[in-house]
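# Residue-level structure breakdown
So you can see what is in the structure, the chains are spelled out below.
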Amino acid sequence: MPGSTMPAVLGFEGSANKIGVGIVRDGTVLANPRRTYVTPPGTGFLPGDTARHHRAVILDLLEEALTEAGLTSQDIDCVAYTKGPGMGAPLASVAVVARTVAQLWNKPLLGVNHCIGHIEMGRLITGATNPTVLYVSGGNTQVIAYSEHRYRIFGETIDIAVGNCLDRFARVLKISNDPSPGYNIEQMAKRGKKLVELPYTVKGMDVSFSGILSFIEDAAQRMLATGECTPEDLCFSLQETVFAMLVEITERAMAHCGSEEALIVGGVGCNMRLQEMMETMCQERGARLFATDERFCIDNGAMIAQAGWEMFQAGHRTHLSDSGVTQRYRTDEVEVTWRD
Ligand code: MG
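A short tour of the structure in this document, coming up.

### What about the pairing of strand E6 (residues 109–113)?
Burial within E6 is extensive, with 5 of its 5 residues counted as buried. Residues Leu109, Gly111 and Asn113 of E6 are buried on one face, and the alternating residues Leu110 and Val112, pointing to the opposite face, are buried as well. With 5 bridges joining them, strand E5 (residues 78–84) and E6 adopt parallel strand pairing. Following the sheet pairing, Ala80 is matched in E6 by Leu110. Considered for its hand, the β-α-β crossover made up of E5, helix H2 (residues 88–105) and E6 is right-handed.

Here you go:
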């Protein structure tokens, strides 16, 4: 509804291979168009090429978002963008557009932590109030719980993200990146029958995936050549192993916090097998599991708009001179002033 007195926040996201523009007004997602940069099987996405992709489509997406929301630039109260973490070149390209739009429209600007965008989107969509959060994607793997105005990291990967482990394994098997390598691994895993034993690397509250990746890369060449197992068996085994590790550290954080809610966010969070394993763990503890579908758990503009909306309402503003990007930006660096 144009002319509404509720603030509407526009959010730009482009920290990895998705570019999205979302508009949120008072807990309602008015628009959330997105494009994904998909590379050929066997290859990943490089920062320069990804940034070029984002630059080519971002203005179309902006127009699409405004049209879908039925709003004009005048109806937007704040322009939010992803400050980090993420890949440098894509982040910088998107930030330039956000800064330009904010100045052209004479609107305040807000740099948003990407991880906090995921958490706030998850809370908005599911209604979870104070969940222990499992954030799993191509770039991040963290178990997070809120305390005293910070999202505290209870456990995390000590090397690569779980999604990166899956993506790179997909490259070894030349699995398609369309719509995403993780989605295609999930479909293949459903046809897997044999569990191949892989290293299980939980270290205290942290997890490690790089050793598992090298192990399965070697095993894949050897076992597929001898017919000891199928590509489907390997997809199945990899998922079962890495998801069990994630469920273990999430459960331990929940026990520590006395948490009755778990929330999965991030691109790997739409994997139904991960959701099923988390559900089993939650049921056994008498806790509730919250998860979202691909529209909201995969990187998108609305999540940046939603976190931006909370920050805007709480009085945050990013000055132009401070409106850069940063590849490293930890979840617990942000003071969460909008929660009690
Ligand atoms: Mg993400």
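The structure having been displayed, the exposition proceeds.
### Points about the sheet that holds strand E8 (residues 141–147)
Spatially, E9-E8-E7-E12-E13 is the arrangement adopted by the 5 strands of the open sheet, whose pairing is mixed. Across the chains shown, the open sheet's two edge strands, defined by having one partner strand only, are strand E9 (150–156) and strand E13 (288–291). This sheet shows a mean twist of 25 degrees between the axes of neighbouring strands, independent of strand direction. Each of strand E7 (132–136), E8, E9 and strand E12 (261–265) is contacted by helix H7 (residues 231–257), which is oriented at about 155 degrees to E7, the strand it contacts most. Of the strands in this sheet, E7, E12 and E13 are in contact with helix H8 (residues 272–285), which crosses E13 at around 160 degrees.

### Regarding the coordination of the magnesium ion
Protein-derived coordination of the magnesium ion comes from His114 (NE2), His118 (NE2) and Asp299 (OD), at a distance range of 2.2 to 2.3 Å. We note that the donor set of the magnesium ion lies within a single chain, spaced as H-x3-H-x180-D. With His118 in helix H3 (residues 114–126) and Asp299 in the loop between helix H9 (294–297) and helix H10 (301–313), the pair connects residues that are 181 residues apart, well separated along the chain. Accessibility expressed as a relative area gives 1% for His118, which makes it buried.

The rules we used
- Residues numbered from 1 in each chain as written.
- Predicted model: local features only at pLDDT ≥ 70, side-chain atom pairs only at ≥ 80, totals over all residues.
- Heavy atoms only, no water.
- Buried < 20%, exposed > 50% of the residue type's maximum accessible area, 1.4 Å probe, protein only.
- Helix = DSSP H or I, 4+ residues; strand = E, 2+ residues; numbered from the N terminus.
- Pairing = 2+ DSSP bridges.
- Right-handed = clockwise from strand over helix to strand, strands pointing away.
- Axes fitted to C-alpha atoms, helices over the stretch in contact; angles between N-to-C directions.
- Contact = heavy atoms within 4.5 Å.
- Donors = N, O, S within 2.8 Å, 3.2 Å for Na, K, Ca; no water.

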